[in-house]
Amino acid sequence: MGIIFSLLRDIRLLYKTVSSLNSSFTVLLARLSADPGLPRSNPTQAYWQCPPHRLSDVQTPSELPESADIVVIGSGITAAAAARTILTTTPSATRKLKVIVLEARALCSGATGRNGGHIKTSPYLEYKCLESRYGKESTARILEFRRRHLYELGKVAAEEGALKESEFREVETVDAYFDEGAWRKAKENLHHYIRDYGVKENNENGDEWKYKIWEGEQARERFSIRRAIGCITYPAGTLSSYTFVTKIWENLVGRYPWSGGDISSNHAFSIQTFTPCLEVTQDPSNGTYKISTPRGDIVTNHVLHVTNSHVAHLLPQFRGKVFPVRGQMTAQIPPFDFPSPYPVSTDARLQPRSWSFIYPKGFDYLTIRPPDPANPNSDRGILMFGGGLVQATGEGMSEFGLAEDGYDLKNGEPGGPNIVIAGYLSGLIGYLFGSSDHVLQSGTERTKRIAQGAVLSHWTGVMGWSADMLPFVGLLPSKTFPKRCGAADSENAGKEWVAAGYSGEGMVNAWGCGTALGIMVRDDILGLGKANSENQVEPNHGVSPRRTVQTGFHADGLGWFPKEYLFTEGRIQQADVKKMIEWLYML
């Protein structure tokens, strides 16, 4: 998230220029406030999804059920966390539930299956921004929640038997800087963060959140990054979130079979892919919801909107509050000069490093997948390299408000990845890690370098960015989201819920937000709590970060969840793109 803030600080520099060009600025604001529509029908193919999971087109049962207690719209990581929490923590002896997941395309084909694979938060870069808005106590709680995802995702992967196939690894992440000013600022921020939040610097005693500064030639020699001015290292993780989430769906389908809707002994769970939700309406007589799809309708009491960048399609009140931003990724065979970080290990979880490359404007990111047995040139792994946003028109502004991850035609022009970003990502790795600028004289050397450096795949994905830079999680307030058909306000009336707006940092927000949403829905169904009440998260506000790490995202309360993420009427009213840019400009 800190690197996202760094990018936005760069974008703020465009504010005066862009706002002075009224027509361009108006077009941008209109795009950010537009209907993102349904996910595109012809998406680019992400390397993570090759080959597709065996449940990628599942419809179980084959005939769309007519009713359910809960309908989850979306099948990414937030949906998996919410559904898993509801099904595994609601005693079937107390209440047997029918839960249906609707996906417009193939299973987990959205941003979760298209990202960079980074479980990484950069608190030293973001704490000042958060502290200026929310104070020190709230900032500490938000940062610890995000950092906790590294351990929580590893724990869940182990519980679900997905450690190997999800490629979960704890790694040393490297923030490499190429600008003197940015490097000085980064070191200053790190020292202040260490001082104010009690974390460790240059600690060799195994502290789990140690940070280390590497200067000049020391950094270049240690990490083989040419022209890096300095580097900062600290713990992070990598994960194939596609295989992680599809494994969870596979397990839930096996544990809670629909069995024709007979739930005499346990919960019932259904996944319906290629079944987009076209409309949500409410019956004025009883408050239940009707979910309209091309295959029929479903009647339900609870609707979970967990589509992130597309949330404003079914919930127009989110337009201009959560908006799409297109990102771009590649999969590459390591070039000749790419370093082998450590000796090859038989334990894929020990792959040692991930990277962020931070420039005067913008940043790029890199994780390393284990060797692919199907590719003989991948003995040092597959590089998952993304970024390049500021290379697009308007230093990245052209990608804001763009809900396009497909090959569909746009205004008569071919869709697909941005051609300038694609060219940039295709050539940068070899230069960053190259040993010299000399012309290759040896034919053997040329052949070896060409053979080992190749782009295997380009694809795009759509992130959901929040206008106040924090996710919206919880029950949709009745004042902001009035009853769709004027149903009488009743305790038995259905409810709509949301978790969206991770601003490019879903891997350190989405699982916890989905888990929290599942707890809220479960407690509402069982009559155990009041949704979106700060009392739900108040009891453990004084808990230390160490205590939070030990307890994790437990299901017996929300003391671990940042109250700042809760959906409130005040937040949705105040969230504004122009205010966001003005706030960033003042930083």
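All values reported here derive from a predicted model rather than from experimental measurement.

### Observations concerning the environment of A186
And step 1. Inspection of the secondary structure puts A186 in helix α6 (residues 180-197).
And step 2. Along the primary structure A186 and L125 are separated by 61 residues, whereas in three dimensions their C-alpha atoms are 6.9 Å apart.
And step 3. For A186, the contacting residues outside a window of four places in its chain are Y124, Y177 and I232.

### With respect to the nonpolar core
Generally speaking, nonpolar side chains in soluble globular proteins are found buried as a group.
And step 1. Counting 88 residues, the largest nonpolar core has Y124, I232, F244, W249, F269, W511 and F561 as the members making the most contacts within it.
And step 2. The dominant element in this core, judged by the number of residues it contributes, is helix α5 (residues 123-159), at 11 residues.
And step 3. Not counting residues within four places of it along the chain, the set of residues in contact with F269 comprises A83, L87, V99, V101, W249, L252, V253, Y256, P257 and W258.
And step 4. Within the second largest apolar cluster, 26 residues are counted, among which are F25, M397, M469 and I572.

### Side note on the side chain of E167
And step 1. By the secondary structure assignment, E167 is in the loop between α5 and β5 (169-177).
And step 2. Engagement of the side chain of E167 in a polar contact is seen with the side chain of R369, the distance being 2.7 Å.
And step 3. The contacts of E167, once residues within four sequence positions are left out, are W48, A162, T238, L239, S240, R369 and P370.

### Remarks on unusual backbone geometry
And step 1. Here the amide bond leading from C50 into P51 is cis, since omega sits at -5°, within 30 degrees of zero.
And step 2. By secondary structure assignment, the location of P51 is in the loop between α3 (22-32) and β1 (59-60).
And step 3. Residues T60 and P61 are joined by a peptide bond in cis, for which omega reads 0°.
And step 4. Checked against the element boundaries, P61 lands in the loop between β1 and β2 (67-73).
And step 5. Residue N308 is not a glycine yet carries a positive backbone phi of 50°.

### Some points on the pattern of salt bridges
And step 1. Inspection of the entire model under this criterion finds 30 salt bridges.
And step 2. The salt bridge partner of R114 is D405, with a shortest N-O separation of 3.7 Å. With R114 in the loop between β3 (98-102) and β4 (118-119) and D405 in the loop between β16 (382-387) and α10 (419-433), this pair connects stretches of sequence that are 291 residues apart. For the pair formed by R114 and D405, the shared burial category is buried.
And step 3. With a shortest N-O distance of 2.7 Å, R369 and E167 are connected by a salt bridge. Residue R369 is located in strand β15 (residues 363-369), and its partner E167 is located in the loop between α5 and β5; the two are separated by 202 residues in the primary sequence.
And step 4. Each member of the salt-bridge network shares a partner with another, and the members are R84, R148, E152, K155, E159, E160 and R255.

### Observations concerning helix α4 (residues 77-89)
And step 1. For α4, with 13 residues, the first-to-last C-alpha span of 18 Å sits near the 18 Å given by 1.5 Å per residue.
And step 2. With respect to burial, α4 is a largely interior element, 11 of its 13 residues being buried.

### Side note on the pairing of strand β11 (residues 289-293)
And step 1. Of all five residues making up β11, four are buried, and the element is well covered by its neighbours.
And step 2. The pairing of strand β10 (residues 279-282) with β11 spans four bridges and is antiparallel. Paired with E279 across the two strands is S292, which belongs to β11.
And step 3. The hairpin turn running from β10 into β11, its antiparallel successor, is six residues long, and G287 in that turn takes a positive phi close to 80°.
And step 4. The pairing of β11 with strand β12 (residues 296-305) spans five bridges and is antiparallel. The residue of β12 that forms the bridge with S292 is D297.
And step 5. The hairpin turn running from β11 into β12, its antiparallel successor, is two residues long.

Criteria and cut-off values
Residues numbered from 1 in each chain as written. Predicted model: local features only at pLDDT ≥ 70, side-chain atom pairs only at ≥ 80, totals over all residues. Heavy atoms only, no water. Helix = DSSP H or I, 4+ residues; strand = E, 2+ residues; numbered from the N terminus. Contact = heavy atoms within 4.5 Å. Core = buried A, V, L, I, M, F, W, Y, C linked by side-chain atoms within 4.5 Å. Buried < 20%, exposed > 50% of the residue type's maximum accessible area, 1.4 Å probe, protein only. Polar contact = N/O pair within 3.5 Å; in protein donor to acceptor, adjacent residues only side chain to side chain. Salt bridge = Lys/Arg side-chain N within 4 Å of Asp/Glu carboxyl O. Expected span 1.5 Å × (residues − 1). Pairing = 2+ DSSP bridges.

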